[in-house]
Amino acid sequence: EQERPEKPALPCRVAESRGSGEDRMSPEIFVTTHDAARLSRLLEVFHDPSYAPLTALLVGKSQRATLVAPRAIPCDVVTMNARVRFRLDDGKEPREATLVWPGRGDSLLGRLSVLTPVGSALIGMREGETNAWRGLDGRRRSITLLKVLYQPEANGLDLGDAEPDAVKSSCLSA
């Protein structure tokens, strides 16, 4: 059996800090050009106003995002298919999850859809940042990103998951 050489990890680029305090509550958002294109298609698929409560946070973040080539994304930024550790403002222990496309979410397997409020809050965040939003119930919520445990781009990957059109029916039937 022939041993396969490991793909070398890309050097970790850490995003420059914009400071602390209040500006960390509205942090700069970094999204890869690849993820941005797929997020744009996802939002087109879910453009109906009845989906607005689910897509509002994601739309806002998409409009503010700084687009970065996949190979240039800082390794401390949440991208699609990244595994992260975070803390919600509910006082519970930190949680771990992999950020995935709709239709692939599964809380038992630790997969969190980007279309959920928590998933939308996570995309583009940097380690140490806190992001606040209004929940579906109108209450203010916040999330703090503790650690990016795995990021595909930092490992030389830019995964191409199923397209949003292909998962819409599975999202709606669940």
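Residues numbered from 1 in each chain as written. Predicted model: local features only at pLDDT ≥ 70, side-chain atom pairs only at ≥ 80, totals over all residues. Heavy atoms only, no water.

Draft legend 1. View of the layout of surface pockets. Within this model, the largest pocket holds a volume of roughly 160 Å³. Along the wall of the largest pocket there are 13 residues; nearest its centre are Phe 86, Arg 95, Ala 97, Leu 112 and Val 118. For the lining of the largest pocket, the secondary structure elements donating two or more residues are β3 (83-88), β4 (95-100), β5 (111-113) and α3 (117-122). Counting residues per element, the lining of the largest pocket draws most heavily on β4, which supplies three residues. Classifying every residue of the lining of the largest pocket by side-chain character gives six nonpolar, three polar and four charged. (1 Å grid on protein atoms, 1.4 Å probe; cavity = no way out; pocket = protein on both sides within 12 Å on 5 of 7 lines; lining within 4 Å. Points joined across faces, edges and corners; volume = space filled by probe spheres on them. Helix = DSSP H or I, 4+ residues; strand = E, 2+ residues; numbered from the N terminus. Nonpolar A, V, L, I, M, F, W, Y, C, P; charged D, E, K, R; others polar.)

Draft legend 2. A look at the pairing of strand β7 (residues 140-150). As paired elements, β3 and β7 share six bridges and run antiparallel to each other. Each residue of the ladder has a partner; that of Arg 83, found in β7, is Tyr 150. Across five bridges, the pairing between strand β6 (residues 130-134) and β7 is antiparallel. Bridged to Arg 134 within β7 is Arg 140. (Pairing = 2+ DSSP bridges.)

Draft legend 3. Just helix α2 (residues 52-64), in detail. In a regular helix each residue adds 1.5 Å, so 13 residues correspond to 18 Å; α2 covers 18 Å between its end C-alpha atoms and thus fits that length. Those residues of α2 not exposed but buried are Thr 55, Leu 58 and Lys 61. Those residues of α2 hidden inside the fold are in contact with α1 (33-45), α3 and β6. (Expected span 1.5 Å × (residues − 1). Buried < 20%, exposed > 50% of the residue type's maximum accessible area, 1.4 Å probe, protein only. Contact = heavy atoms within 4.5 Å.)

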